[in-house]
Amino acid sequence: MLEPGFNEEFLEFESKVHQVMKLLEDISVANKKEGEEVKKPEKDIYQDLNKNNFIVTTRKVGTSVNKKKVTLASEDIKRTSQGAIGMDKFTFMQQLEQDAEERHKGFKERERIAQSFRALGNEAYRKANYEKAINMYTKAIDHIKDSPILYNNRALSYIKLKNYKRAIMDCDYVLNKLEDKNLRAWLYRSAAYKRLGDETNFENSVKLAHKNNPKKGAIIDEFIEKVKLEGI
């Protein structure tokens, strides 16, 4: 059984609850408004920028920085390159001088050795030891390969041994590679062809000897007469 006065107490309680809820709602609304007033929207940092402004600003900054870096880098490269080129040129010229000096010394030494073998070859030739003479001239040629005298001396030694084809090879080497007007080479060549019985090449060699040595006609004619009559 309900106690008397329950309804009044309940209504009073409900009224108090309603008041509390209303108070909480008012507080919530007040806080919300206060937050809206305090918290202002952040300004968009890009709102004042347009497409053109953004591009220009970026280009200016980039160009300024890059230009400075590129300029400094170019100057460094230029200084480095100039220094390297100068040093390389100096080193290169110095190396050339050293190489030239070494080549000259080497040539003089080879020439000295070649002259020694040539002297031995001449001595052997005078003693009619033609094989030894050829051997000595060949050793001399191994050290000096551009001496017409050595090839001519060896060619004459081959003629003495009746090795005419080998003599012609030495003469042709002189005329084709070293001296195309060399008189001794033309004369020994003509003598070798005469001994081979090749009259065509013999006459041609004599003709070319005159053509290439027009002032030596008397010497050429004397040599050719000796070849025809006595041989060499």
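Residues numbered from 1 in each chain as written. Predicted model: local features only at pLDDT ≥ 70, side-chain atom pairs only at ≥ 80, totals over all residues. Heavy atoms only, no water.

The chain has the name TPR_REGION domain-containing protein in an unreviewed UniProt entry, where Glossina austeni is given as its organism.

1. With respect to the packing of aromatic side chains
Counted only if it meets this: A pair of Phe, Tyr and Trp rings is counted when the ring centres sit within 6.5 Å of each other, with Trp represented by its six-membered ring. The angle between the planes then sorts it: under 30 degrees is stacked, over 60 is edge-to-face, the rest tilted. Note on conventions: DSSP H or I runs of at least 4 residues are helices, E runs of at least 2 residues are strands, and numbering of each starts at the N terminus. Partly exposed describes any residue whose relative accessible area lies between the buried limit of under 20% and the exposed limit of over 50%, with all areas from a 1.4 Å probe on protein chains only and scaled to the type maximum.
As enumerated under the stated definition, the model contains three aromatic pairs in all. Each ring, one from tyrosine 151 and one from tyrosine 173, has its centre 4.7 Å from the other, and the planes form 35°; the classification is tilted. Of the two residues, tyrosine 151 sits in helix H4 (residues 148-160) while tyrosine 173 sits in helix H5 (residues 164-178), which places them 22 residues apart along the sequence. Since its relative accessible area comes to 7%, tyrosine 151 is described here as buried. Residue class for tyrosine 173 comes out partly exposed when judged on its relative accessible area of 32%. Summarising the aromatic geometry, the rings of tyrosine 188 and phenylalanine 223 are spaced 6.3 Å apart at their centres and angled 50° between planes, so their arrangement reads as tilted. Here phenylalanine 223 lies in helix H8 (residues 217-229) and tyrosine 188 lies in helix H6 (residues 183-196), a separation of 35 residues in the sequence.

2. Some points on the nonpolar core
Quick reminder of the rule: In this text, buried Ala, Val, Leu, Ile, Met, Phe, Trp, Tyr and Cys residues form a nonpolar core when linked through side-chain atoms within 4.5 Å. Note on contacts: a residue pair qualifies if any of its non-hydrogen atoms lie within 4.5 Å across the two residues.
Core analysis: the largest hydrophobic core is formed by 35 residues, its most contacted members being Ile159, Ala167, Tyr188, Ala192, Ile220, Phe223 and Ile224. Only helix H2 (51-126), helix H3 (130-143), H4, H5, H6, helix H7 (199-212) and H8 provide two or more residues apiece to this core. Per-element tally for this core: the top contributor is H6, with eight residues. Leave out the neighbours within four places in its chain, and alanine 192 touches Ile159, Tyr164, Ala167 and Ile168.

3. A closer look at the environment of leucine 196
Of note, leucine 196 is situated in helix H6. The exposure class of leucine 196 is partly exposed, given its relative accessible area of 40%. As for leucine 196 and tyrosine 164, which are separated by 32 residues in sequence, their C-alpha atoms are 7.0 Å apart. Once residues lying within four places of it in the same chain are set aside, the contact partners of leucine 196 are Tyr164, Lys165 and Ile168.

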